Structure formats: structure tokens, C-alpha cells
Amino acid sequence: MDTTLLVIQVLNGLQLGLLLFLVASGLTLVFGILDFVNLAHGSLYMLGAFVCASLTYALGNFLLAVVVALPVVGVIGYLTERVVARSLYARDHLDQVLATFGLILVFDTSAHVIWGPEGIAVPLPDWLNGQVALGSGLEVPTFRLLIIAAGLAAAGGLFWLVNYTRLGMLIRAGASNRTMVSALGIDIQMLFSLVFALGAMLAGLAGMLIAPITEANIGMGNSIIITAFVVIIVGGIGSIKGAFIAALLIGLIDTLGRAFLDDLFGLFMSSAAAENSAPAVSAMLIYLIMALVLALRPQGLFPPKVR
Amino acid sequence: MPTMSKRGWITLVVLILLAVLPPLFYLGGQAFYLDLATRLVILAIAAVSLNLILGYGGLVSFGHAAFVGLGAYAVGIPAHHWLYGGWDAIATLSGWLHIPLAVGVTALFALLTGLVCLRTKGVYFIMITMAFAQMVYYLIVSIEEYGGDDGLVIDSRTELAFFDLDKPLQMYALCFLSLLVALGLVRMIVNSRFGMVLQGAKGNPERMATLGFNTYAYRLTAYVISGAMCGYAGALLGNFTTFISPEMMDWHRSGELMFMVILGGAATTIGPVLGATVFIVLEEVLSSLPHPFGIYWQLPFGLLLILVVMFIRGGLAGLFSGRKER
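Rules and cut-offs
- Residues numbered from 1 in each chain as written.
- Chains lettered and ligands numbered in written order.
- Predicted model: local features only at pLDDT ≥ 70, side-chain atom pairs only at ≥ 80, totals over all residues.
- Heavy atoms only, no water.
- Helix = DSSP H or I, 4+ residues; strand = E, 2+ residues; numbered from the N terminus.
- Rg over C-alpha atoms; globule rule 2.2 N^0.38 Å.
- Buried < 20%, exposed > 50% of the residue type's maximum accessible area, 1.4 Å probe, protein only.
- Contact = heavy atoms within 4.5 Å.
- Expected span 1.5 Å × (residues − 1).
- Bend = angle between axes of the 7 residues up to and from the residue.
- Phe/Tyr/Trp six-rings, centres within 6.5 Å; stacked < 30°, edge-to-face > 60°.
- Axes fitted to C-alpha atoms, helices over the stretch in contact; angles between N-to-C directions.
- Parallel < 35°, antiparallel > 145°, perpendicular 65-115°, else oblique.
- Left-handed = near helix turned anticlockwise from the far one by under 90°.
- Nonpolar A, V, L, I, M, F, W, Y, C, P; charged D, E, K, R; others polar.
- Salt bridge = Lys/Arg side-chain N within 4 Å of Asp/Glu carboxyl O.
- pLDDT = per-residue confidence, 0-100.
- Polar contact = N/O pair within 3.5 Å; in protein donor to acceptor, adjacent residues only side chain to side chain.
- UniProt positions renumbered as here; feature names shortened; annotations may be inferred.
- Core = buried A, V, L, I, M, F, W, Y, C linked by side-chain atoms within 4.5 Å.
- Disulfide = S-S within 2.5 Å.

Counting its regular elements, chain B contains 13 helices and two strands. In terms of overall size, chain B behaves like a compact globule, its C-alpha atoms giving a radius of gyration of 20 Å where 326 residues would be expected to give roughly 20 Å. Dimensions of chain B, computed from the C-alpha atoms along their principal axes, are close to 55 × 45 × 45 Å. Within chain B, the proportion of its 326 residues that are buried is 55%. In chain B, 75% of the contacts between residues at least 6 apart in sequence involve partners at least 24 apart.

This next bit is on the side chain of T106 of chain B. By secondary structure assignment, the location of T106 of chain B is in helix α4 (residues 95-117). In this view, T106 of chain B contacts F67, L70, G71, G227, A228 and G231 of chain B; residues no more than four positions away in its chain are not counted.

Bringing helix α12 (residues 271-296) of chain A into the picture now. Helix length check: α12 of chain A, at 26 residues, gives a terminal C-alpha distance of 33 Å against a target of 38 Å (1.5 Å per residue), a shortfall beyond 12%. The sharpest bend along α12 of chain A reaches about 50° and sits at L285 of chain A.

With that settled, consider the packing of aromatic side chains. Residue and element names in this part refer to chain B. A full pass over the atoms with the stated rule returns 23 aromatic pairs over all chains. Relative to Y223, the ring of F67 has its centre 6.1 Å away and its plane inclined at 80°; by these criteria the two rings are edge-to-face. On the criterion of sequence distance, the pair formed by F67 in helix α3 (residues 65-84) and Y223 in helix α9 (residues 215-241) is long-range, its members being 156 residues apart. Both residues of the pair, F67 and Y223, belong to the buried class. Judged by centre distance (5.2 Å) and plane angle (85°), the ring pair of F279 and F301 falls under edge-to-face. Of the two residues, F279 sits in helix α11 (residues 271-287) while F301 sits in helix α12 (residues 298-311), which places them 22 residues apart along the sequence.

Our focus in this paragraph is the packing of helix α10 (residues 220-235) of chain A against helix α5 (residues 123-142) of chain B. In a pair of packed helices, the angle between the axes and the distance between the axes together describe the arrangement. At a minimum axis separation of 11 Å, α10 of chain A and α5 of chain B run at an interaxial angle of 130°. As far as their axial angle goes, α5 of chain B and α10 of chain A are oblique. In the crossing of α10 of chain A with α5 of chain B, the sense of the turn from one axis to the other is left-handed. Contact with α10 of chain A, carried on its side by I226, F229 and I233 of chain A, involves Y124, M127, M130 and Q134 of chain B of α5 of chain B and no other residues of that element. Partitioning the contact of α10 of chain A with α5 of chain B into residue classes produces six nonpolar, one polar and no charged.

Taken as a whole, this structure holds eight salt bridges over all chains when the rule is applied. One salt bridge in this structure joins D95 of chain A and R91 of chain A, with 3.1 Å as the shortest N-O distance. Put simply, E283 of chain B and R39 of chain B hold a salt bridge, and the shortest N to O gap is 2.4 Å. In this pair, E283 of chain B sits in helix α11 while R39 of chain B sits in helix α2 (residues 31-56), placing the two residues 244 residues apart along the sequence. For E283 of chain B, a relative accessible area of 16% puts it in the buried group.

Per-residue confidence for chain B gives a mean pLDDT of 89, with 97% of residues at or over 70. Looking at the elements of chain B, mean pLDDT is at its lowest for helix α13 (residues 315-319) of chain B, recorded as 78, and at its highest for α9 of chain B, recorded as 96.

Of the residues lining the interface, 38 residues belong to chain B; the matching set on chain A comes to 42 residues. The interface formed by chain B and chain A contains zero salt bridges. Inspection of the chain B/chain A interface yields four residue pairs in polar contact (both at pLDDT 80 or more). When grouped by side-chain class, the residues that make up the side of chain B that touches chain A number 27 nonpolar, eight polar and three charged.

Further remarks concern the UniProt feature "transmembrane region" (unreviewed entry) in chain B. Residues and elements named next belong to chain B. Mapped onto this numbering, the UniProt entry annotates "transmembrane region" (unreviewed entry) at residues 37-59, 66-84, 96-116, 123-140, 169-190, 257-282 and 294-320. Structurally, residues 96-116 is divided into 100% helix and 0% strand, and its ends, taken at the C-alpha atoms, are 31 Å apart. Between the first and last C-alpha atoms of residues 169-190 the distance is 31 Å; the span itself is 100% helix and 0% strand.

Attention shifts here to the nonpolar core. If you look at the biggest cluster of nonpolar residues, it comprises 223 residues, and the most contacted ones within it are F21 of chain A together with L18, L54, L179, W251, M258 and V273 of chain B. Once you skip the residues sitting within four places of it in the chain, L54 of chain B turns out to touch L94 of chain A together with L59, V60, M258, V261, I262 and A266 of chain B.

Quick look at the UniProt feature "transmembrane region" (unreviewed entry) in chain A now. UniProt feature "transmembrane region" (unreviewed entry): in the numbering of this structure it lies at residues 12-34, 46-76, 97-115, 143-162, 183-210, 216-235, 242-260 and 280-297 of chain A. The span residues 143-162 of chain A is 100% helix and 0% strand, and its two end C-alpha atoms sit 28 Å from each other.

On to the side chain of T215 of chain B. Note on placement: T215 of chain B falls in helix α9. Once residues lying within four places of it in the same chain are set aside, the contact partners of T215 of chain B are A201, P205, M208 and A209 of chain B.

Residues and elements named next belong to chain B. For Y146, the location among the structural elements is in the loop between α5 and β1 (152-153). Between the alpha carbons of Y146 and L299 there is a distance of 34 Å; along the sequence they are 153 residues apart. Excluding its chain neighbours within four sequence positions, the residues that come into contact with Y146 are Y73, I77, H80, H81, W87, G151 and L152. Here the side chain of Y146 touches H81 through a polar contact of 2.7 Å, side chain to side chain.

As a further point, take the state of the cysteines. Tallied over the full model, the rule gives zero disulfides over all chains. Not engaged in a disulfide, the cysteine C175 of chain B finds its nearest cysteine sulfur in C230 of chain B; these two sulfurs lie 14 Å apart.

Once that is clear, we can look at unusual backbone geometry. In this model, E215 of chain A sits at a positive phi of 75°, which is unusual for a non-glycine residue. Overall, E215 of chain A belongs to the partly exposed group, its relative accessible area being 34%. Residues other than glycine seldom take positive phi values, yet T242 of chain B does so here, at roughly 55°. Tracing the chain through its elements places T242 of chain B in the loop between α9 and β2 (243-244). A residue is classified by how much of its surface remains accessible, and T242 of chain B, at 22% relative accessible area, is partly exposed.

This is how it looks when you write it as C-alpha cells:
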């Protein structure tokens, strides 16, 4: 394998990992604070992509569309919390899984009604559509670098929000002991709604960032939500730091596994056998890791300190 | 005759209707309804198997569709080799291989994954069962010989001693009898000492452990029985549809099985059958609405799912029960 390919695949893995983090961080916040399993979180990722696609055509500018689409998705998340999720906090996880499974059907079909069955391509402005030269003979699409930068910025912003602001302090307090927080006179319902909306915006942002590459399409939420669950379980449910590390880990392992596992297998088995087994193993790799982590460290790699 | 509870009557009526109506429709020239009922009964068996661990054992398996898929491929793969050669040891249409293979493979899969899954609880259990199902899904997708993503056509159905599965009525008879056996089996298990421990461990695992029961072993046994029963349902489904694909193991399918159990009423005998019935009927009615409503049938379906979870505690069977029964 040559270095150029390796660098490009590492960048791809990083990009996937950061997108996964954007989806998983909302999921882990909602789970950690509200003890709520939200299967429909992937639908917010999908809605982000569709809303952004429509706005890109309406406003004629992708970046402007992202800025406008973010609050739209936040409002959708807020309403979801008020109308459906709120009445399910006291229920067991089974009820939550089923109800949010129903939400997926509602969101997916609504997207089908509004945007039709076909995917929608999202055009990029010219300056984002080109390639950037990194060193000699190594060219990377500009937009992929933007995704990585935006993902890192969002992750940094979230760390700052959670660790250094009053809202973040309340979020952390709510995750440790929500009864105590509400006893101190904090409007805990409002806090929950905000957390939900924040999670929705993060997931929506991930959808908006990937849309120019993959198109906005109806199945996209369902493919990422399961991987995002793998991320938060490997990272430790409720831990943002855990979600960040696990997301990068899973993103890199998944991407590099798909790219290089057949070469790796080829070192110690016949190339035919390697070619046959590598796709299967690389597709299962992240689930194998999750099963391994759960078997050895059921609380995940970085469980939050107080639960 | 001992007095029968209200729910007992419901059970009897539902089963009699299932036994009589579909064949009558078929004989009256409406073959479509027999097809629908066959699918219903097969899914009911899968739901009954899930109910054993989810309803009575409190183990929320989010990967039960994997057992359905594995059972179906245990029919499809030998049939594939019988036609196209290779793997002589399993290349046959004989039910003496297909059925034990489906049950054995799924039991083994349940045992191996159960060993790991049952060490976790709560949402971790939900997610790890799902993860194992995804692994099987991707495994099958990546095997090109068996069609991968595109699925596999089963050209010849399983050959059984007493049933000719190419005849729709006999196919239905086998499925319905299997459902009766599955219901009886689960009821027997639940009322046995084993079942008592399983239900005790659902309510209060610490107490059962303190009483000296190895709840892990009990749960594992129940998980294996449930998986094998579901694998059998998968073998029936493969024979019925004669087309199998990894899509059968998608996590949506696992969610639908859970919905059937909850909708009908978890931890009740007839609940999963009621759930599967309502599910199939709704799917059929909603998706055959006039265009353009038919293609958007999942919208009302999803809303209904949310409403059921929010407002109908105890499922449909719960609606029919007196206070004493729950």
C-alpha cells in the first residue's frame, strides 16, 4: 500500500469519525441526562440534510443554507421533545425504543411526502468544489477538509459549552442528579428541551455536511444511527469525551478496515481467501469491537464519573 | 370443564378463526387471503418466541430478526447447493436436514451470543443483541455466492414427510399447527418451575440470585429456546416466500417483531398472535389505500405505534383482561 492512499483513507476515516461524533454527542447527551433512548435521532440527521438541500436551492448558497437550516432542525428537535419524548422519560427503555421507532417511520415517510423518493443532490460553491494540494502529488477535495474543520470546530464548541458555561454546568449537573437540579430551582423541563434541541442541531449539522457528498436521501438516518449507538456504547453512555474518542476510533477502524483489510489478510492467507473474507470481516468489524468492549468493560471505555 | 377466563375465550376464538377462515377463503377462490394468513401465522410464531424472553423474561432482544434470517438461509443454502452443486454434505431438499439445521444453527447462534449478551442489562442488552444481528446481516450481505445484497431465490421447497409445501393449504396447515405447538410449548415453559424462575428473575433478579438460582443459566436457556423457535419460523418463512434476502434481518424487522409483542400484550399467551394479526392487517389495509395514500402507509402506521406505546399499557390482550389476571 502506498502512502498517498493511506493518507487519504486516514482523512476519510477522520471525516466519518467527526460526523459520527456530531450524531453520537447528541445521542449520548440525551441518554446521559434524560435516560432516554432515541432511535429517531438519525432522522434529525436526515432532516438536516433535506432542509439544507431545499434551502441551498432557495437561497443559492450552501453555507447560508447551513446557517438557516440549523435553527430549523433545532426547532424540530424541540417540538419532538415537547410532543413525544417528554411523556416517555418515565417509561422503560423498551417503550422508548418502540415509540421512537414509530417516530422514524413518521419522519422518514414525511420526508418522502415532502421531498419525494429520490435523493437530492446539494451543489457546492465553486471555491469548495476543488482540490487542495497537500505536499507533493497528494490532492484532497477541499470540501472534505471543510467537513473535518467544521466537525472539529463543533466538537470544540461543545466541549466549551459543556465545561465552561452556565448552561453546560446545568447540563452536567442534570446528568449527575436531575432531582437535585430541579430542587435548586432550575427549570429542568426547559433544560431537557434545550438539550434535545442541541442534540438535534448537532445531528442535523452532520447531515448537512455529508449531503453534498452523498445527496440527501431517506435511508441515510437509519444507516448512521446504529453506528452512532455503537459509538456511544463503546465510549461509555453519557460521556462526551468517550463519544469523541470512540467516534474517531470507529470512524478510522471502519474506513481503514474496508480499505486495507484484504491486504492485511493477504499477509497470512492466500489472496483468494483474503479477498473473500475481508469484506465480511470489515463490515462486521465495528460490531465485533462493540461486542468485545461490552464483554470486557460493560460500562464502555470512558464511563462518566457519576451516574 | 374448568371455567375459562375472558382472555382464555379470546385465545380460543382467535385460534379457531385462524384455523377456519383462511382455508375457507382459499376454497372460495380468494387465495390471496390464505397467503396473507400464512405470513401472519409465521410472524406470529416468531413473535411468540420473542415473547418468551421479552415478555416473560424481561430480556429486550432487538436482534430477533437475525434468527428469522438464519432459519431462512438454513433452508435456502442447502436448496441452492442441491441445484447448483458444491457442499455435497448439505446439498439436499430433505426436511430431515433443513429443519434441524435451522433450529440447530439458530440455537447455537443464540448460545454463543447469549453468553456475551446476557452479561449486560438494560439498554446495553438492547444494543448488543442488535449488534450481533447486524453482524449476521453484513455477513450474509458479503457472501456473493448466496446473492449478497440481492438475496437468494429458493427454487425448490423443503420436502417433508407429511406436508407438501408447494400446496398452499398444506403449507398453511403446517404453519398453523406449528403455531399451536409453539403456543403450547411457551405456555408449558412459563408454567413450569423453570418459567417461574425466569419470571422471578425479570421482577427481581437479586432476590432470585439470593434464593440460590443461577439466573444467568436460566436466562441463557430461555434465550436459546427462543432463538431456536424463531429460527424454525424463519425456515417456514423461507419456504413460504421462496425468496430470502439480508433485508429480513434488518433492524427494522426486529423492531416490528417487538411491536407485535407489545401491541398484542407482552407476557400473555395470545398477545403475540393478536399483535401479529393487527400488524399484518394494518400493513395490508393501509398500504392498499388509494394512491397516493397507499405508498405513505408508514406515516399513519408510525403514528399508531407511538400512540399505542403512549396510551395502551399492557397491549390488546390487556384490554380484555380483568384486574386479577395481570
